[in-house]
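# Observations on the model geometry
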Amino acid sequence: MNNEIRAIIVEDVEAYLDTIEKLVKEVAPYVHIAGKASNLKEARKVIEELTPNLLFLDIQFEEEGST
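Residues numbered from 1 in each chain as written. Predicted model: local features only at pLDDT ≥ 70, side-chain atom pairs only at ≥ 80, totals over all residues. Heavy atoms only, no water.

### Brief notes about the overall build of the chain
Worth spelling out the cut-off: What counts as a helix is a DSSP run of H or I of at least four residues, what counts as a strand is a run of E of at least two, and both are numbered from the N terminus. In this scheme, a residue with accessible area under 20% of its type's maximum is buried, one over 50% is exposed, and one in between is partly exposed, where area comes from a 1.4 Å probe on protein chains only. Residue contacts follow a heavy-atom distance rule, with two residues in contact if any of their heavy atoms lie within 4.5 Å. Here, Shrake-Rupley sampling with a 1.4 Å probe gives the accessible areas, and only protein chains in the shown set may cover a residue.
Regarding its fold elements, the chain presents two helices and three strands. Listed by position from the N terminus, the elements making up the chain come as β-α-β-α-β. Looking at the 67 residues of the chain, the share that counts as buried comes to 27%. A sequence separation of at least 24 residues applies to 69% of the contacts in the chain between residues at least 6 apart. Carbon and sulfur atoms make up 52% of the accessible area of the chain, which totals about 5,100 Å².

### What about helix H2 (residues 40–50)?
This is how it is decided: Pairs of N or O atoms are called polar contacts if they sit within 3.5 Å, as long as, within protein, a hydrogen donor faces a hydrogen acceptor (for residues adjacent in sequence, only side-chain-to-side-chain pairs).
Capping the start of H2 is the job of one residue whose side-chain oxygen sits 3.2 Å from the backbone nitrogen of Lys 41: Asn 39. Positioned one or two residues after H2, Thr 51 has a phi angle of 35 degrees, which is positive.

### Focus: the pattern of salt bridges
Threshold: Just to be clear on terms, a salt bridge is a Lys or Arg side-chain nitrogen sitting within 4 Å of an Asp or Glu carboxyl oxygen.
Per the counting criterion, the structure on display carries three salt bridges. Linking Glu 21 and Lys 25 is a salt bridge whose minimum nitrogen-to-oxygen distance equals 3.5 Å. Here Lys 25 and Glu 21 lie together in helix H1 (residues 14–27), a separation of four residues that amounts to about one turn. A relative accessible area of 15% places Glu 21 in the buried class.

Written out as structure tokens, the structure reads:
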């Protein structure tokens, strides 16, 4: 039985992606970061392809083209 949780990180500040991944690995080693995305188009694609169990989503995400 596999208890690993497959997760994706969606963060518009690319510099934070690795930092978030490192923090997750420290506090929850059973969570596998299966993918990362820095824009909504990429996020949609990664989510559809990898069907994660968990999504870390930036709550102040800046959508492309928004003012």
